[in-house]
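Summary of the model geometry
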Amino acid sequence: MEDEPLADAYDAGLRSTAPPVDAATGGALRFLAASISARSVVEIGTGCGSSGIWLLRGMTPDGILTTVDTNAEYQEYARSAFARAGFGAGRARLIRGAALDVLPRLTDGGYDLVLVDADTVSYPLYLEEARRLLRPGGMVVFNGAMTGSSEPDGPLRVPDPRETAVREVIGRLRAEEASIPLFMPVGEGLLAAIL
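Model, not experiment: these values are computed from the prediction. (Residues numbered from 1 in each chain as written. Predicted model: local features only at pLDDT ≥ 70, side-chain atom pairs only at ≥ 80, totals over all residues. Heavy atoms only, no water.)

1. Points about helix α6 (residues 123–133)
What counts, and what does not: Throughout, exposure labels follow a simple rule: accessible area from a 1.4 Å probe, protein chains only, divided by the maximum for the residue type, with under 20% read as buried, over 50% as exposed, and the rest as partly exposed. Counting from the N terminus, the helices are DSSP H or I runs at least four residues long and the strands are E runs at least two residues long. When checking whether two residues touch, look at their non-hydrogen atoms; a contact exists if any pair is within 4.5 Å.
Among all positions of α6, only Tyr 123, Pro 124, Tyr 126, Leu 127, Glu 129, Ala 130 and Leu 133 are buried. Where α6 is buried, its residues touch β1 (40–44), α5 (99–102), β4 (111–116), β5 (134–143) and α7 (161–175).

Next up, the structure:
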């Protein structure tokens, strides 16, 4: 990768417990942010900053990324990665804390896009928070939507709680007439929906 700030963020992510999104997933995130001219984005799960860089590159030049993570060390690395990638301090707001504690304090209807890339078991709860946070026509994106097994459920195989959570989110989005979901088979799978 010739993009040094992004390569550094990837390397740090690979050495951490928060693996970075791959380049195809990053490109898709940049495209999705650009496709809706995102000015205000919430990212649940900062990691070491690679997905944040992709999002910022797709957002409008005055856009602000709000990114939430429990790990202060990751956030400091992400802050440095954003600066090295050419984004000024005012372009990213990093909030340390558990997402389900932080998100209720964010403005209702104040965001264009919500990226969820954290605690997969909590994806159904994050979907409900995203509904409140997004403006009408806003987009929610879940990373890691390909958590399923190729084996069918049955008495000898009970689905993993992460798999159950992703299935629940997919089911909810499919059932709603107002939502427009799209699954993208990149990386660990992206599930996007316009709400």
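The discussion continues.
2. Focus: the environment of Gly 187
Its place among the elements puts Gly 187 in the loop between β6 (180–184) and β7 (190–194). The exposure class of Gly 187 is partly exposed, given its relative accessible area of 36%. Each C-alpha atom of the pair Gly 187 and Asn 143 lies 8.5 Å from the other, and the pair is 44 residues apart in sequence. Beyond its immediate chain neighbours, meaning those up to four positions away, Gly 187 contacts Asp 22, Thr 25 and Met 146.

3. Regarding the side chain of Thr 60
Position of Thr 60 relative to the elements: it lies in the loop between α3 (50–58) and β2 (64–69). For Thr 60, a relative accessible area of 17% puts it in the buried group. Setting aside its immediate chain neighbours within four residues, Thr 60 contacts Ser 37, Ala 38, Arg 39 and Arg 91.

4. Regarding the packing of helix α2 (residues 23–35) against α3
What counts here: Whenever a helix is involved, its axis is fitted only over the stretch in contact; in every case the axis is a line through C-alpha atoms, and angles between N-to-C directions fall within 0 to 180 degrees. Working rule for handedness: look at the near helix, and if it is turned counterclockwise from the far one by less than a right angle, call the crossing left-handed; if clockwise, right-handed. In this classification, Asp, Glu, Lys and Arg are treated as charged, Ala, Val, Leu, Ile, Met, Phe, Trp, Tyr, Cys and Pro as nonpolar, and every other residue, Gly included, as polar.
The geometry of α2 relative to α3 is characterised by a closest axis approach of 7 Å and an angle of 35° between their N-to-C directions. Crossing geometry of α2 relative to α3 is assigned as right-handed. Residues Ala 23, Gly 26, Gly 27, Leu 29, Arg 30, Ala 33 and Ala 34 of α2 form the contact with α3, whose own contacting residues are Ser 51, Trp 54, Leu 55, Arg 57 and Gly 58. Classifying every residue of the contact of α2 with α3 by side-chain character gives 6 nonpolar, 4 polar and 2 charged.

5. Quick word on the packing of aromatic side chains
Test applied: Within 6.5 Å between ring centres, the rings of Phe, Tyr and Trp (the latter by its six-membered ring) count as paired, and their orientation is classed by plane angle as stacked under 30 degrees, edge-to-face over 60, tilted in between.
Following the criterion strictly, the structure yields 2 aromatic pairs and no others. Plain terms: the ring middles of Tyr 123 and Tyr 126 are 6.4 Å apart, the flat faces sit at 55° to each other, and that makes the pair tilted. Taken together, the positions of Tyr 123 and Tyr 126, both in helix α6 and 3 residues apart, correspond to about one turn of that helix. The class of Tyr 123 is buried, set by a relative accessible area of 2%. Taken together, the aromatic side chains of Tyr 123, Tyr 126 and Phe 142 make up a single cluster linked through ring pairs.

6. Points about α7
What sets the pattern is the α-helix's 3.6 residues per turn: residues three or four places apart point alike. For clarity, the cut-off: What a helix is expected to span follows from its residue count: subtract one and scale by 1.5 Å. Arc definition: directions from the helix axis to the C-beta atoms. N or O atoms within 3.5 Å of each other form a polar contact, as long as, within protein, one can give a hydrogen and the other can take it, and as long as residues adjacent in sequence are counted only when both atoms are side-chain atoms.
For α7, with 15 residues, the first-to-last C-alpha span of 21 Å sits near the 21 Å given by 1.5 Å per residue. Within the sequence span of α7, burial applies to Glu 163, Ala 165, Val 166, Val 169 and Leu 173. Down the axis, α7 shows its buried residues gathered within 165° of arc, on one side only. Pointing more than 90 degrees away from the buried face of α7 are the exposed residues Pro 161, Arg 174 and Ala 175. The elements touched by buried residues of α7 are α6, β5, β6 and β7. Structurally, the start of α7 carries an N-cap: the backbone nitrogen of Arg 162 is 2.6 Å from a side-chain oxygen of Asp 160.

7. Observations concerning the pairing of strand β3 (residues 92–96)
As a reminder of what qualifies: Strand pairing requires that DSSP identify at least two bridges connecting the strands. Viewed with both strands pointing away, a crossover whose connecting path from the first strand over the helix to the second turns clockwise is right-handed.
The sheet contact formed by β2 and β3 spans 5 bridges and is parallel. Note that in β3 the partner of Thr 67 across the bridge is Leu 94. Handedness of the β-α-β unit built from β2, helix α4 (residues 72–84) and β3 comes out right-handed.

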